[in-house]
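Architecture at a glance
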Amino acid sequence: MESSTTTSYSVVSELEGTLLKTPKPFAYFMLMAFEASGLIRYTLLLFLWPIIALLDVLGYRNCSLKLVIFVATASLRESEIESVARAVLPKFYMDDISMDAWSAFGSCEKRVVVTRMPRVMVERFAKDHLRADEVIGTEIIINRFGYATGFIQESDVDRSIFNSVANLFEDRRPQLGLGRPIISGSQTFLSLCEEQVHAPVPSNYNVQRLHVQLLPVIFHDGRLVKLPTPATALLILLWIPFGIILAVVRLFIGSMLPLWAIPYVSRIFNIRFIVKGKPPAPASAGNQGVLFVCTHRTVMDPVILSYVLGRSIPAVTYSVSRLSEILSPIPTFRLTRARDVDAEIIKKELSNGDLVVYPEGTTCREPFLLRFSALFAELTDKIVPVAMNYRVGFFHATTARGWKAFDPIFFFMNPRPVYEVTFLNQLEVEATCSSGKSPYDVANYVQRILAATLGFECTNFTRKDKYRVLAGNDGTVSYSSFLDQFKKTARLFFVLAVTDDASLIEVPVRRKNLPINVIGVATSSISGEAKFVFSHRFVAFTLMYGVLINPGTELELGDTQLQYFSFHHPELGT
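Residue numbers here run from 1 along each chain, matching the order of that chain's written sequence. At least 70 in pLDDT is required for a residue's local features to be given in this predicted model, at least 80 for side-chain atom pairs to be given and counted, and no such filter applies to totals for whole chains, interfaces and linings, which use all residues. No hydrogens and no water enter the side-chain calculation; it runs on all heavy atoms of the structure.

**So, the side chain of S266**
- For S266, the position within the fold is in the loop between α12 (262–265) and β8 (272–276).
- Overall, S266 belongs to the buried group, its relative accessible area being 5%.
- N or O atoms closer than or at 3.5 Å make up a polar contact, with two conditions inside protein: a donor-capable atom paired with an acceptor-capable one, and, for residues adjacent in sequence, both atoms drawn from side chains. For S266, the side chain forms a polar contact with the main-chain oxygen of P263, separated by 2.8 Å.
- Whether two residues touch is decided by their heavy atoms; if any such pair falls within 4.5 Å, the residues are in contact. Ignoring sequence-local partners within four residues, the contact set of S266 consists of I271 and F273. Comment: elements are numbered from the N terminus, with helices defined as DSSP H or I runs of at least four residues and strands as E runs of at least two. When a residue's accessible area, from a 1.4 Å probe over protein chains only, is under 20% of the maximum for its type it is buried; when over 50% it is exposed; and in between it is partly exposed.

**Quick word on the UniProt feature "transmembrane region" (unreviewed entry) in the protein**
- UniProt positions are given in the numbering used here, feature names are shortened, and annotations may be inferred rather than shown by experiment. Look at the UniProt record and you will see "transmembrane region" (unreviewed entry) annotated at residues 39–58 and 233–262.
- When the span residues 233–262 is considered, its composition is 83% helix and 0% strand, and the gap between its end C-alpha atoms is 32 Å.

**Brief notes about the nonpolar core**
- Ranked by internal contacts, the top residues of the largest apolar core, which has 119 residues, are L45, L130, F292 and L305.
- In terms of residue count, helix α2 (residues 26–36) provides more of this core than any other element does, 9 residues in total.
- Leaving out residues up to four positions away in the same chain, L130 has contacts with L15, L19, I97, W102, F105, R111, V113, F125 and L214.
- The nonpolar core is taken to be a set of buried Ala, Val, Leu, Ile, Met, Phe, Trp, Tyr and Cys residues, with the residues joined through side-chain atoms within 4.5 Å. A343, L350, L375 and L454 belong to the second-largest nonpolar core, a separate cluster that totals 27 residues.

**Here's the deal with the sheet that holds strand β1 (residues 10–14)**
- Any two strands between which DSSP finds at least two bridges are classified as paired. Spatially, the 5 strands line up as an open sheet ordered β3-β2-β1-β6-β7, and their pairing is parallel. Edge positions in the open sheet fall to β3 (134–138) and β7 (195–198), since each of these has one partner strand only. Going across the sheet, the axis of each strand differs from the next one's by a mean of 15°, ignoring polarity.
- Relative to β7, strand β6 (residues 176–179) runs parallel, the two being bridged by 4 bridges. Bridge pairing in β7 links L178 to V197. The axes are straight lines fitted to the C-alpha atoms, using for helices just the contacting stretch, and the angles between their N-to-C directions are given from 0 to 180°.

**What to know about helix α19 (residues 463–470)**
- Along α19, the positions that sit buried rather than exposed are R463, K466, Y467 and L470. When α19 is viewed along its axis, its buried side chains cluster within an angular range of 90° and face the same direction.
- Note on α19: the residue one or two positions beyond its end, G472, has a positive phi of about 75°. Starting at the helix axis, one direction is taken to each C-beta atom, and the arc is that of these directions.

**Digging into helix α9 (residues 119–128)**
- Among all positions of α9, only M121, V122, F125 and A126 are buried. What you see down the axis of α9 is that its buried residues fit within an arc of 100°, all on one side.
- Those residues of α9 hidden inside the fold are in contact with α1 (15–19), α2, α6 (78–87), α7 (89–95), β2 (110–118) and β3.

**Focus on unusual backbone geometry**
- At the junction of A199 and P200, the peptide bond is cis and its omega measures out at 0° in the coordinates.
- Here P200 shows up in the loop between β7 and α11 (230–256).
- One non-glycine residue, N270, adopts positive backbone phi at about 65°.
- Its location among the elements puts N270 in the loop between α12 and β8.
- N270 sits in the partly exposed class, given a relative accessible area of 32%.

**Some points on the pattern of salt bridges**
- Each reported salt bridge corresponds to a side-chain nitrogen of Lys or Arg within 4 Å of a carboxyl oxygen of Asp or Glu. Counting across every chain of the model gives 18 salt bridges.
- For R61, the salt bridge identified is with D158, shortest N-O distance 3.1 Å. Placement of R61 in helix α5 (residues 61–73) and of D158 in helix α10 (residues 157–168) is noted, with a sequence separation of 97 residues between them.
- Among the residues examined, R61 registers a relative accessible area of 22% and is labelled partly exposed.
- Residue E378 is joined to R339 by a salt bridge in which the shortest nitrogen-to-oxygen separation is 2.4 Å. A residue pair is termed long-range when its members are at least 10 positions apart, and E378 in helix α16 (residues 375–379) and R339 in helix α15 (residues 339–350) qualify at 39 residues.
- Residue E378 is classed as partly exposed on the basis of its relative accessible area of 39%.
- Classification of R339 by relative accessible area gives partly exposed; the value is 38%.
- One salt-bridge network, held together by shared partners, links E80, D221, R365 and R401.

Pasting the structure below:
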């Protein structure tokens, strides 16, 4: 028809089984359970999978969906669900995209995605990467404290989606509907559309229409490498105990042996190193060392480089955990992000021998290189680009949201980790700043040749861009001393002990004053000023001492963070 060749179409597409090739969303809830909560919830949800699948087979789709949502999200902070949806799920959604369905969806001017999953799990991906204008899904009920109850607002999910689409297109019906065939006895949004195309969408459908570009996922977080379908999730769960033991053994053996012996012994423990190119000889005494400019994939990069060279090469770092620095078999030097100070650190270490730098400033898992800092190009002409990449089967060895100290453990928990190290030729003098080139030109040139070697794409994204996407901050690391951190903890951490049976206090939580009988309070997550008004006698304990607080006393904590508190409320209970 004529309208099918224009871009003025509006399209409503189902996500599961249409835009995504996977018809069941169970694996995405497994990701939510693992990344937002941990192994216990992940295991519980996996053990409930037979019941969830049986309910689906028997036609109780709503009950099945409500059960999986409850187990995966109950008691999670809303912010944590949003964090996983922002940082973890988009990569797996993107890998599952049906390009035929996307071609039809992306060719329309107004694009609406409908899903049976909670909207919060889908909206960020759909709007940022699929360029959707609206996302219609189920709504998780959030209590007044910002925690998910696990329940959803909709009693009949299909009917609710139908009504939402009808309300969105009150003036005119959507021209195109993409979705799975209608199940007997149920009414879906497809009946509202002028034209209906059932999944799988034909590969030649509307191929002549222009469509917007599908935006790739550049930043990705989370520990799991594979989408945890029931079979894969069970395999990962069974492997974890063996993986922990294997990681401990690998780390212990690696710490005991000399660096030159590691590549040979690693074969016994199923670790493979692939080395290409010819590395330079060690710097002679009295001469300035070579600066190895490497791509940054994991925290293990400088250690692996020392393994394959057979000698210890110091590395400059920024956000590596203190535990990783302590356990590191090579010397590490922290950068400050103050350009002049960092330049002096690098110059000093280069005068002592070879050095490793990572101009991206942080790791990136996907086949992209972040923008290179030009600082290294200003400091030396002895530049050797090194392309580093790795492959793992179960667990990623990097994180922006989690505990970085566990990165080496997760790397060595994989059954067969593989590291590829490619040494490129040292830059010619004509390609360095000595020939009059600007440091930025040199940095961009090194980025391009490393990207070409790995088959990656260059980007202008930076460390701050990564952490804004994955962690909601700019990745700034605090350098306060241990004593300063202890004093800060001593000031903020406190417990209120009740000396009478009932004591009324007011705590502004989420900007609401709730009269509660306090049993205990600790710091750290719901931001805002807290003011306590006591009507009975309390004893307040810090780490060092206790203070008796008389009735009528006001205690202001200023801009603190409240995380855990146990209370009794006449309506809510304890």
